[in-house]
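Breakdown of the fold
Given next are the chains, with one letter for each unit.
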Amino acid sequence: MLHGYGGNSKWQFIHQVSDLSKSFNLFIPDLVFFGKSYSKNTDRSVEFQARSIVGGLKRLGCGDGDLSVYSISYGGFVAYRIAKIWPEMIEKLVIVSSGVGFTQQQKMTEMKKHGGDVSEILVPSNPRDLRLLVRVSMNTGIRFIDWVPDFILSQFIAVMYETNRQELVDLAKNLLEREEEPEFFAISQKTLIVWGDKDNVFPLEHGRRLHRHLPNSSLEVLKEIGHGVNIEAPTTLNNLIISFVLGAP
């Protein structure tokens, strides 16, 4: 399970671990510079994240083609890169709300719609920025964020973002400023794509585009759901993942 930019793996998968652990042996790492994960390596690319995950899995004795990877948002870029470079490791892939295959211009255009630069949106430094991130990511149940006191949001920011703030900003800039290779879509794994039809980070049209480029994929669109599918519709998402992974090979 590979998380996105909205915190660490513990926070993002809080509504899913209980359900999914009944059907799978779960590996839930923090990507490098998230949570307590860190490195002295100066590489900030998606490939670096992918190598780190693959190295960890191999040290755990995994990687014989029986892995299924579930990924959301930024984690989707990492999972896709693993599937492309190490195809022998992954049997099935789940990508949720991820801009995989976006051109540099498309990525920058989507982020600019919300104002501010990438660090203000993806790596909030104050309660105002965190509220913006929540509003951009969610479509339902977001009014609560206006009622949460600033001091609580400030504590959340301190825990999630302050330790490796510059590294997180660098990761985001590397992702947004790079151009994807034209052949990037050439993966063979059976892939489930899940998207909210109200996604304001990576609009649904891009999910449909990804689906068209992957002949071995299926697309599930969730109505009235935004970018944070794992928070807004965790039960539906869990059921889709279980059915997909445990279904026909």
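Notes on the structure in this doc start here. Just so it is clear, the model here is predicted, and its values are computed rather than measured.

**Quick notes on the sheet that holds strand 3 (residues 190-196)**
The sheet built from 4 strands is open, its strands ordered 1-2-3-4 with parallel pairing. Edge positions in the sheet fall to strand 1 (67-72) and strand 4 (217-222), since each of these pairs with one other strand and no more. Sheet twist, expressed as the mean angle between neighbouring strand axes with direction ignored, is 15°.

**Things to note about helix 9 (residues 165-177)**
Taking 1.5 Å of rise per residue, the 13 residues of helix 9 would be expected to cover 18 Å, and the 18 Å separating its terminal C-alpha atoms lies within 8% of that figure. Those residues of helix 9 lying buried are Arg165, Leu168, Val169, Leu171, Ala172, Leu175 and Leu176. The buried residues of helix 9 occupy one face: seen down the axis, they fall within an arc of 160°.

**Observations regarding the environment of threonine 109**
If you trace the backbone, threonine 109 turns up in helix 5 (residues 104-112). Sequence separation of threonine 109 and leucine 176 is 67 residues, and the distance between their C-alpha atoms is 9.9 Å.

**What to know about the side chain of glutamine 49**
As for its placement among the helices and strands, glutamine 49 is situated in helix 3 (residues 46-59). Judged by relative accessible area, glutamine 49 falls into the buried class, the value being 0%. Other than its neighbours up to four places away in sequence, glutamine 49 contacts Leu31, Val32, Phe34, Tyr74, Val78 and Leu171.

**What to know about the packing of helix 3 against helix 4 (residues 74-85)**
Between helix 3 and helix 4, the shortest axis-to-axis distance is 9 Å and the interhelical angle comes to 70°. Between helix 3 and helix 4, the angle falls in the class roughly perpendicular. Crossing handedness for the pair helix 3 and helix 4: right-handed. Between helix 3 and helix 4, the residues in contact are Val46, Glu47, Gln49, Ala50, Ile53 and Val54 and Tyr74, Phe77, Val78, Arg81, Ile82 and Ile85, respectively. In terms of residue class, the contact of helix 3 with helix 4 is made up of 9 nonpolar, 1 polar and 2 charged.

About the criteria used
- Residues numbered from 1 in each chain as written.
- Predicted model: local features only at pLDDT ≥ 70, side-chain atom pairs only at ≥ 80, totals over all residues.
- Heavy atoms only, no water.
- Pairing = 2+ DSSP bridges.
- Helix = DSSP H or I, 4+ residues; strand = E, 2+ residues; numbered from the N terminus.
- Axes fitted to C-alpha atoms, helices over the stretch in contact; angles between N-to-C directions.
- Expected span 1.5 Å × (residues − 1).
- Buried < 20%, exposed > 50% of the residue type's maximum accessible area, 1.4 Å probe, protein only.
- Arc of directions from axis to C-beta.
- Contact = heavy atoms within 4.5 Å.
- Parallel < 35°, antiparallel > 145°, perpendicular 65-115°, else oblique.
- Left-handed = near helix turned anticlockwise from the far one by under 90°.
- Nonpolar A, V, L, I, M, F, W, Y, C, P; charged D, E, K, R; others polar.

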